[in-house]
Amino acid sequence: MTPEERGMRRTVWRLFFCQALLNTTLVGQVSMAALIGHSLSADKSLATLPMAVQMTAVMAASIPASMIFARWGRRAGFLLGAVLSLAGSLTFAAGVAMGDFVTYCSGAVFAGLGIGIGQHYRFAAAEAATPEYRPRAIALVMAGPVLSAIFGPEIVKHTHAAFAPTLFLGTYLVLAVLPVMCLLLLTGLRLPPLPARGAAHTPLLEIMRRPQFIYAAAAGMVSYGAMNLAMTATPLEMMLCGFGVASSATVIQFHAVSMFAPGFFTGHLITRFGVRRIIVAGAALIAASVLVAVAGKEFWHFATGLALLGIGWNFMFVGATNLLGTAHRPEERVKAQAANDFLIFGTVAGTAFLSGFIHARLGWEALNLLLLPTLLGAVALIAWQTARARPAPAAA
C-alpha cells in the first residue's frame, strides 16, 4: 500500500468517527423526541413535531451547505456543522429544563442544520477515495453510526433520570460533549479541494432531469421516508403498549445497529451484485418489516420489525448514494448532492410530522401498511431503469 493510499484510508476513518459522533446525538434524539414532545405538547398529535422541525432544518441546510463547501471547503463546512450540533443539544436541554415546547422545538432547528451539513461526510469520503475504493469508502462512513447505534440509546438509558424529576436533561448535557469531540477530529482533517466550476454552467434543472438522478433521488426518498415514518412513531406505540423508556431505547438501538452495521459489507455487495439488485433487496426487507409490525405488539415484533427496516434502509440508501455518483460530472457534484439531499430530507421532514398525525388518527397498523405502495413504486422504477439499460438483441 502506497503512502497516498494509507493517507486516503486514514481520512476515510476520520470521517467514519465524525459521522459516528454526529449520529449518536441523532439516535439519542430519536429515542427521546416523541416522548418529550408527547409530554410537553397539549395536542398529542404534535408529539413528533420536534422531529419534523429537525428534519425540515436538515432539508433547509442542503443548499447553504453546498455554497459553504464550494466557497470555503469541506472542512470549514463540517466545523460549522459541529458547532450547530452543539447549539442544538444545549437548546434542547434548556427546553427540557423549562418545560417549554417552543424552546425544545427551537433546539431542533440548530440540531437539524448540523445534521444536514454532516450528511455530506459520505460525499467527502467518495471524493477522498480512489475510484476502486469509492463504494467501500461510502459504505464505511455510512457504517460509522453503528457506534452511535450502540452508545446513543445507552446514553439515554443511563442519563434520562440523572436530574429527576426533569427527565432527559442529563442526556442532552452528555450529548453536548460529542460535537466538541468532533471538532477535535476535524481540526487535523485533510480533504482534496472541490473541482473548480467549468466555464459552462449547468442549470440545476438539467441535472435533475437526468434519468440517473431521478432514479437515485427516488430510491433515497423512498428508503428514508419509509424508514422515518415507522421509526418515529415506534417509541410512541411502545409507550401506549405499556413499555418503558429503556425498552423503546433498546428497540431503537436494534434498529440503528441494523441501519449502519451493514455498511461494513454493503459496498462489497454492490460491487458483486450491482447497485440495482441491492436497492430492490432493500425494498423487499422493508416490506418484510411491515408484515412483522402488523403481526403483533410484543417486544420482539417491535425489535424484529425495526431491525429489518434498518437493513432495508441501508441497502436502498447506500445503493442510491452510489447511483447518484453516475448522475453528474465532477464539477457538478456539489450542486447535484445538495439537490438530492434537499429532496430526501424534505421527504423525511414530511414523514416525521405525518408519523405523529397518522399514528394518532389511523393507528399503528395503517401507518405501516402505507409504506407498501411507495416501495412498490420504487421497485417498478428500478425495474424500468434496468430494462432501459439492457442492450437490445442483435438483429438476425
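Residues numbered from 1 in each chain as written. Predicted model: local features only at pLDDT ≥ 70, side-chain atom pairs only at ≥ 80, totals over all residues. Heavy atoms only, no water.

Glancing now at the overall build of the protein. A tally of regular secondary structure across the protein gives 18 helices and zero strands. The globule rule puts the C-alpha radius of gyration for 396 residues at 21 Å, and the 20 Å found for the protein is close to it. Dimensions of the protein along its principal axes, counting C-alpha atoms only, are 70 × 50 × 40 Å. Classification of the 396 residues of the protein by burial places 55% in the buried group. In the protein, once contacts between residues fewer than 6 apart in sequence are set aside, the share between residues at least 24 apart is 85%. Just so you have it, the protein exposes about 16,000 Å², and 69% of that area is on carbon and sulfur atoms. (Helix = DSSP H or I, 4+ residues; strand = E, 2+ residues; numbered from the N terminus. Rg over C-alpha atoms; globule rule 2.2 N^0.38 Å. Buried < 20%, exposed > 50% of the residue type's maximum accessible area, 1.4 Å probe, protein only. Contact = heavy atoms within 4.5 Å. Areas by Shrake-Rupley, 256 points an atom, 1.4 Å probe, with all protein chains shown as cover.)

Two elements in contact, helix α2 (residues 49-72) and helix α3 (residues 74-98), have axes whose closest approach is 9 Å; the angle formed by their N-to-C orientations is 150°. Between α2 and α3, the angle falls in the class roughly antiparallel. For the crossing formed where α2 meets α3, the hand is right-handed. Across the interface between the two elements, Gln54, Ile68, Phe69 and Trp72 from α2 touch Arg74, Ala76, Gly77, Phe78, Leu80 and Phe92 from α3. The residue makeup of the contact of α2 with α3, split by class, is seven nonpolar, two polar and one charged. (Axes fitted to C-alpha atoms, helices over the stretch in contact; angles between N-to-C directions. Parallel < 35°, antiparallel > 145°, perpendicular 65-115°, else oblique. Left-handed = near helix turned anticlockwise from the far one by under 90°. Nonpolar A, V, L, I, M, F, W, Y, C, P; charged D, E, K, R; others polar.)

With respect to the helices and strands, alanine 338 occurs in helix α16 (residues 333-361). Sequence spacing of alanine 338 and alanine 284 is 54 residues, and the spatial spacing of their C-alpha atoms is 28 Å. Once residues within four sequence positions are removed from consideration, alanine 338 is found in contact with Ser62, Ile63 and Ser66.

Let us look at helix α13 (residues 263-273). Turning to α13, its buried residues number three or more, namely Gly263, Thr266, Gly267 and Ile270. For α13, the angular spread of buried residues about the axis comes to 100°, placing them on one side. For α13, the exposed residues lying more than 90 degrees away from the buried face are Thr271 and Arg272. As for α13, its buried residues are in contact with α6 (134-143), α12 (245-260), α14 (275-293) and α15 (299-324). Immediately downstream of α13, the backbone of glycine 274 shows phi near 100°, a positive value. (Arc of directions from axis to C-beta.)

The geometry of α2 relative to helix α4 (residues 101-118) is characterised by a closest axis approach of 6 Å and an angle of 35° between their N-to-C directions. As α2 packs across α4, the resulting crossing turns out to be right-handed. Each of Leu49, Pro50, Val53, Gln54, Ala57, Val58, Ala61, Ala65 and Phe69 in α2 lies in contact with α4, whose residues at this interface are Phe101, Tyr104, Cys105, Ala108, Val109, Ala111, Gly112, Leu113, Ile115, Gly116 and Ile117. Class assignment for the residues of the contact of α2 with α4 results in 17 nonpolar, three polar and no charged.

Moving on, we get to the packing of aromatic side chains. Considering all chains together, one arrives at 18 aromatic pairs under this definition. For the ring pair phenylalanine 254 and phenylalanine 299, a centre distance of 6.5 Å and an interplane angle of 75° mean the geometry is edge-to-face. Of the two residues, phenylalanine 254 sits in helix α12 while phenylalanine 299 sits in helix α15, which places them 45 residues apart along the sequence. The class for phenylalanine 299 is partly exposed, based on a relative accessible area of 29%. An aromatic cluster of at least three residues, connected via ring pairs, comprises Tyr224, Phe260, Trp313, Phe317 and Phe345. Positioned over the ring face of phenylalanine 69 is arginine 74, at 4.6 Å from the centre of the ring. (Phe/Tyr/Trp six-rings, centres within 6.5 Å; stacked < 30°, edge-to-face > 60°. Lys NZ or Arg CZ within 6 Å of the ring centre and 35° of its normal.)

In this structure, alanine 108 sits in helix α4. Considering only alpha carbons, one finds alanine 108 and alanine 57, 51 residues apart in sequence, at a separation of 7.6 Å.

Our focus in this paragraph is the nonpolar core. Within the largest apolar cluster, 111 residues are counted, with the highest numbers of intra-cluster contacts made by Tyr121 and Tyr172. Ranked by residue count, the leading element in this core is helix α11 (residues 211-240), at 14 residues. Sequence-distant contacts of tyrosine 121, defined by excluding residues within four places in its chain, comprise Leu15, Cys18, Gln19, Leu22, Phe78, Val141, Cys182 and Leu186. (Core = buried A, V, L, I, M, F, W, Y, C linked by side-chain atoms within 4.5 Å.)

Our next topic: unusual backbone geometry. Going from alanine 164 to proline 165, the amide bond is cis rather than trans, its omega being 10°. With respect to the helices, strands and loops of the structure, proline 165 is situated in the loop between α7 (145-159) and α8 (169-175). Although it is not a glycine, phenylalanine 168 adopts a positive phi angle of roughly 75°. Its place among the elements puts phenylalanine 168 in the loop between α7 and α8.

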